[in-house]
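Here's the letter readout for the chains.
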Amino acid sequence: MSLAREFLLLLGLGAFVAGLTTYLMTWVMVTVHLRDHHAEERARLGGFMFTPRAFGWFLARRYRSLKDKSLTGLARLGFIGSWAILIGGISAIISAAIGGRGI
């Protein structure tokens, strides 16, 4: 296994796990905040955290349109976590492509 492949694999898996942990913990707090303060936005997003709509909501930073400073503070962590998931997954896929075999 080449050094570059090992590095990308470890970087990707580390970023993916860190992002997933952040996303999971943040989503619970954001959901409660949305339920209490922005019920219509919560209904639009749905209840499950891994829907493309909810994930895209974090990636596109749509929480800023609600102009709620408390929500922005919470959701910013989800934004970072969702991008870490995306970058980690891409890095792991590139690592597999370099190695020529699946992970």
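Computed from a predicted structure; not experimentally measured.

Draft legend 1. Here's a closer look at a nonpolar patch on the surface. A cluster of nonpolar side chains, contributed by Trp83, Leu86, Ile87, Ile90, Ile94 and Ile98, occupies part of the molecular surface with about 520 Å² of accessible area. Here Leu86 lies in helix 4 (residues 69–99). Accessibility expressed as a relative area gives 31% for Leu86, which makes it partly exposed.

Draft legend 2. A look at helix 3 (residues 52–59). The set of residues buried in helix 3 consists of Ala54, Phe55, Gly56, Trp57 and Phe58. Where helix 3 is buried, its residues contact helix 1 (3–37), helix 2 (39–45) and helix 4. Positive backbone phi, at 60°, marks Arg61, one or two positions downstream of helix 3.

Draft legend 3. Structural context of helix 1. Here helix 1 contains 35 residues, and its C-alpha end-to-end distance of 49 Å stays within 8% of the 51 Å for a straight helix at 1.5 Å per residue. Residues of helix 1 that are buried: Arg5, Leu8, Leu9, Gly12, Gly19, Tyr23, Thr26, Trp27, Val30, Thr31, His33 and Leu34. As for helix 1, its buried residues are in contact with helix 2, helix 3 and helix 4.

Draft legend 4. Region of interest: the nonpolar core. By size, the foremost hydrophobic cluster in this structure holds 14 residues, and its most contacted members are Tyr23, Val30, Leu34, Trp57, Phe58, Tyr63 and Leu71. Contributions of two or more residues to this core are made by helix 1, helix 3 and helix 4. With residues near it in sequence (within four places) discarded, Phe58 still touches Tyr23, Trp27, Val30, Tyr63, Ala75, Gly78, Phe79 and Ser82.

Draft legend 5. Up close: the environment of Ala97. Checked against the element boundaries, Ala97 lands in helix 4. Exposure remark for Ala97: the relative accessible area of 59% places this residue in the exposed category. Expressed as a C-alpha distance, the spacing of Ala97 and Ser2, which sit 95 residues apart in the sequence, is 12 Å.

Draft legend 6. Geometry of unusual backbone geometry. At Arg61, a position not held by glycine, the phi torsion is positive, near 60°. On the secondary structure map, Arg61 appears in the loop between helix 3 and helix 4. A residue is classified by how much of its surface remains accessible, and Arg61, at 28% relative accessible area, is partly exposed. Positive phi values are uncommon outside glycine, yet Lys67 reaches one of about 55°. Relative to the helices and strands, Lys67 resides in the loop between helix 3 and helix 4.

Draft legend 7. Up close: the packing of helix 1 against helix 3. Two elements in contact, helix 1 and helix 3, have axes whose closest approach is 13 Å; the angle formed by their N-to-C orientations is 95°. Considered as vectors, helix 1 and helix 3 are oriented roughly perpendicular to each other. Residues Tyr23, Trp27, Val30 and Leu34 of helix 1 lie in contact with helix 3, whose contacting residues are Ala54, Phe55, Trp57 and Phe58.

Draft legend 8. Quick peek at the packing of helix 1 against helix 4. In the contact formed by helix 1 and helix 4, the axes pass within 6 Å of each other and the chain directions differ by 155°. The angle between the axes of helix 1 and helix 4 places the two elements in the roughly antiparallel class. Crossing of helix 1 over helix 4 shows left-handed handedness. Of the residues contributing to the contact of helix 1 with helix 4, the split by class is 20 nonpolar, 14 polar and one charged.

Rules used in this analysis
Residues numbered from 1 in each chain as written. Predicted model: local features only at pLDDT ≥ 70, side-chain atom pairs only at ≥ 80, totals over all residues. Heavy atoms only, no water. Patch = residues over 30% accessible without salt bridge, like charges linked within 9 Å, V, L, I, M, F, W, Y side chains within 5 Å. Areas by Shrake-Rupley, 256 points an atom, 1.4 Å probe, with all protein chains shown as cover. Salt bridge = Lys/Arg side-chain N within 4 Å of Asp/Glu carboxyl O. Helix = DSSP H or I, 4+ residues; strand = E, 2+ residues; numbered from the N terminus. Buried < 20%, exposed > 50% of the residue type's maximum accessible area, 1.4 Å probe, protein only. Contact = heavy atoms within 4.5 Å. Expected span 1.5 Å × (residues − 1). Core = buried A, V, L, I, M, F, W, Y, C linked by side-chain atoms within 4.5 Å. Axes fitted to C-alpha atoms, helices over the stretch in contact; angles between N-to-C directions. Parallel < 35°, antiparallel > 145°, perpendicular 65-115°, else oblique. Left-handed = near helix turned anticlockwise from the far one by under 90°. Nonpolar A, V, L, I, M, F, W, Y, C, P; charged D, E, K, R; others polar.

Function cannot be inferred from these measures alone, as they are strictly geometric.
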